[in-house]
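# Residue-level structural notes
Listed below are the residues making up each chain.
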Amino acid sequence: MSSEENKAIVRRFMDAYNNRELEIFDELVAEDYIDHVFEEKGREYLKQLFTMAFEAFPDWYEAIEDIIA
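Predicted model only: the values in this text are computed from it and were never measured.

## What to know about the packing of aromatic side chains
Each aromatic ring pair is described using two quantities: the centre-to-centre distance and the angle formed by the ring planes. One pass over the structure, following the stated rule, counts eight aromatic pairs. Ring geometry for Tyr-17 versus Phe-54: centroids 5.1 Å apart, planes at 65 degrees, classification edge-to-face. Highlighted residues: Tyr-17 in helix α1 (residues 3–18) and Phe-54 in helix α3 (residues 43–56), separated in sequence by 37 residues. Residue classification places Phe-54 among the buried residues on the basis of a relative accessible area of 10%. An angle of 90 degrees between the planes, with centres 5.9 Å apart, marks the rings of Phe-57 and Trp-60 as edge-to-face.

## A short note on the nonpolar core
In this structure, Met-14, Ala-16, Tyr-17, Leu-22, Ile-24, Phe-25, Val-29, Leu-46, Phe-50 and Phe-54 together form the largest nonpolar core, which totals 10 residues. Looking at this core, the elements that each hand over two or more residues are α1 and α3. Once residues lying within four places of it in the same chain are set aside, the contact partners of Leu-22 are Lys-47, Phe-50, Thr-51 and Phe-54.

## Quick notes on unusual backbone geometry
The phi torsion at Arg-20 lies on the positive side, around 60 degrees, for a residue other than glycine. Take Arg-20: it is sitting in the loop between α1 and α2 (25–28). Phi at Glu-39 takes a positive value of approximately 55 degrees, unusual for a residue other than glycine. Among the secondary structure elements, Glu-39 is positioned in the loop between β1 (34–35) and β2 (40–41). By relative accessible area, Glu-39 is classed as exposed at 70%.

## Overview of the side chain of Asn-18
Structurally, Asn-18 is set in helix α1. Taking relative accessible area as the criterion, Asn-18 reaches 15% and is therefore assigned buried. Polar side-chain contacts of Asn-18 include one of 2.6 Å to the backbone oxygen of Glu-62. Those residues within four positions of Asn-18 in sequence are excluded, and the remaining contacts are Tyr-61 and Glu-62.

Here is what the cut-offs are and how they apply
Residues numbered from 1 in each chain as written. Predicted model: local features only at pLDDT ≥ 70, side-chain atom pairs only at ≥ 80, totals over all residues. Heavy atoms only, no water. Phe/Tyr/Trp six-rings, centres within 6.5 Å; stacked < 30°, edge-to-face > 60°. Helix = DSSP H or I, 4+ residues; strand = E, 2+ residues; numbered from the N terminus. Buried < 20%, exposed > 50% of the residue type's maximum accessible area, 1.4 Å probe, protein only. Core = buried A, V, L, I, M, F, W, Y, C linked by side-chain atoms within 4.5 Å. Contact = heavy atoms within 4.5 Å. Polar contact = N/O pair within 3.5 Å; in protein donor to acceptor, adjacent residues only side chain to side chain.

Spelled out as structure tokens, the structure:
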């Protein structure tokens, strides 16, 4: 995969995140994703975590200022 393809995936992830389109994570996040901070596994866990964060901080937005691959 090229650097530009990697960057496009990260941009797509951030767009899905900022638009609260968590169903897109099914395409972008590995099914066996591991969160080493909270010691949890799975894509569904990640979507639940972000859903809780969005409820607590409805204006939360992440911007990519620079991207290097």
